[in-house]
Amino acid sequence: MWPALGSTSRSGRLFGVLTLLLCPSSLHGCSSPPRIRHGSYKVITKFLGLSTTVQYKCQEGYALVGTATLSCKLFRWSSPAPQCAALCLKPRIPNGKLSVERDQYITPDTLTIQCDPGYKMVGSQVISCSQHRSWIPAVPKCKRVNTAPSEVLEHEEVLEGQHLLECLPDPGDSKMALELHKLSLRIETLEQERAKGIKYI
């Protein structure tokens with residue numbers, strides 16, 4: 001005796017529900033959500049295996065780049081998985097300027113450093129934010145340019161010469177007095193260099 005038509009229909013529906021519950025992946029066709037470096041995801045909604053929505057977040061010190069929420073529809077994910085880009089803190093460079101001023105930078109941001117007048121660069125002028133949350137090459141420094149000894153000597157001569165001119169009663173003797181003072185300082189410098197063993201050709 002053949003089963004009634006209504007009974008067959010009910011059996012088919014029951015079989016479909018069991019298939020849906022026991023093997024939902026065979027129906028919606030999506031693989032597990034993609035895993036990302038320095039980040040994770042959590043399932044927001046899931047409806048009987050037919051539709052799944054996940055949301056991504058990054059670890060501290062990393063910024064999410066891309067779509068944070070993915071949905072499984074029509075056998076595939078709605079978009080590629082996002083990425084977690086490293087965050088780099090703003091480099092502190094006394095007596096220097098950055099090409100771009102921000103509190104934080106993300107990989108692969110690149111900066112160019114320029115030192116203030118009177119300072120020279122020690123290190124690389126161009127640095128990049130790496131995936132390790134650090135600047136590569138190392139953050140440079142701006143160091144003051146050392147004044148040449150001759151410039152220091154001339155500066156001291158001018159200051160001392162001005163003080164000497166203020167003490168002379170006759171302004172006509174000022175030029176000769178200044179020259180004599182400079183000559184005495186030069187002789188003193190040569191004697192010091194001679195004592196250190198510096199030879200002149």
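Refer to the structure printed above.
This structure is a prediction, so every number in the text was calculated from the model and none was measured.

Conventions adopted
- Residues numbered from 1 in each chain as written.
- Predicted model: local features only at pLDDT ≥ 70, side-chain atom pairs only at ≥ 80, totals over all residues.
- Heavy atoms only, no water.
- Disulfide = S-S within 2.5 Å.
- Helix = DSSP H or I, 4+ residues; strand = E, 2+ residues; numbered from the N terminus.
- Buried < 20%, exposed > 50% of the residue type's maximum accessible area, 1.4 Å probe, protein only.
- Pairing = 2+ DSSP bridges.
- Salt bridge = Lys/Arg side-chain N within 4 Å of Asp/Glu carboxyl O.
- Axes fitted to C-alpha atoms, helices over the stretch in contact; angles between N-to-C directions.
- Core = buried A, V, L, I, M, F, W, Y, C linked by side-chain atoms within 4.5 Å.

## Looking at the state of the cysteines
- Under the definition given, this model contains three disulfides.
- With its sulfur 2.1 Å from that of its partner, cysteine 88 forms a disulfide with cysteine 129. Between cysteine 88 and cysteine 129 the sulfur-sulfur dihedral comes to about 90°; the bridge is accordingly right-handed. Of this pair, cysteine 88 sits in strand S6 (residues 83-89) while cysteine 129 sits in strand S11 (residues 126-129); the two residues are 41 residues apart in sequence, bridging distant segments of the chain.
- On the basis of relative accessible area, cysteine 88 is assigned to the buried category, the value being 1%.
- Between the sulfur atoms of cysteine 115 and its disulfide mate cysteine 142 the distance is 2.1 Å. Measuring the twist about the S-S bond at about -85°, one finds the cysteine 115-cysteine 142 disulfide to be left-handed. Of this pair, cysteine 115 sits in strand S9 (residues 110-115) while cysteine 142 is found in strand S13 (residues 141-144), placing the two residues 27 residues apart along the sequence. Here the two residues cysteine 115 and cysteine 142 agree in accessibility, since each one is buried.

## Some points on the sheet that holds strand S12 (residues 135-136)
- On the basis of which strands lie adjacent, the open sheet formed by four strands has the order S7-S9-S11-S12 and antiparallel pairing. Edge positions in the sheet fall to strand S7 (96-98) and S12, since each of these pairs with one other strand and no more.
- Of the pairings in the sheet, the one linking S9 to S11 comprises three bridges and is antiparallel in character. Paired with threonine 112 across the two strands is valine 126, which belongs to S11.

## Looking at the pattern of salt bridges
- Across all of its chains, the model carries three salt bridges by this definition.
- Here glutamate 101 and lysine 90 are joined by a salt bridge, their closest N and O atoms 2.6 Å apart. Linking glutamate 101 in the loop between S7 and strand S8 (104-106) with lysine 90 in the loop between S6 and S7, this pair joins segments that are 11 residues apart in sequence.
- Residues aspartate 116 and lysine 97 are paired through a salt bridge, measuring 2.7 Å at the closest nitrogen-oxygen approach. Placement of the pair is aspartate 116 in the loop between S9 and strand S10 (119-122) and lysine 97 in strand S7, with a sequence separation of 19 residues.

## Quick notes on the sheet that holds S8
- A sheet is described by the order of its strands in space; here three strands give the open sequence S3-S6-S8, paired in antiparallel fashion. Where the open sheet ends on each side, the last strands, each with one partner, are strand S3 (62-65) and S8. Taking each pair of neighbouring strands and ignoring which way they run, the sheet shows an average axis angle of 40°.

## What about the nonpolar core?
- Of all hydrophobic cores here, the largest spans 11 residues; its members are Cys88, Ile93, Leu98, Tyr105, Leu111, Ile113, Cys115, Ile127, Cys129, Trp135 and Cys142.
- Listed by contribution, the elements that provide at least two residues to this core are S9 and S11.
- Examining the composition of this core, we find that three residues originate from one element, S9, more than from any other.

## Section: unusual backbone geometry
- With an omega of 5°, the peptide bond running from threonine 107 to proline 108 counts as cis.
- Within the secondary structure, proline 108 sits in the loop between S8 and S9.
- Positive phi values are uncommon outside glycine, yet histidine 38 reaches one of about 60°.
- Within the secondary structure layout, histidine 38 lies in the loop between helix H2 (25-28) and strand S1 (39-47).
- Although it is not a glycine, asparagine 95 sits at a positive phi angle of roughly 65°.
- Among the secondary structure elements, asparagine 95 is positioned in the loop between S6 and S7.

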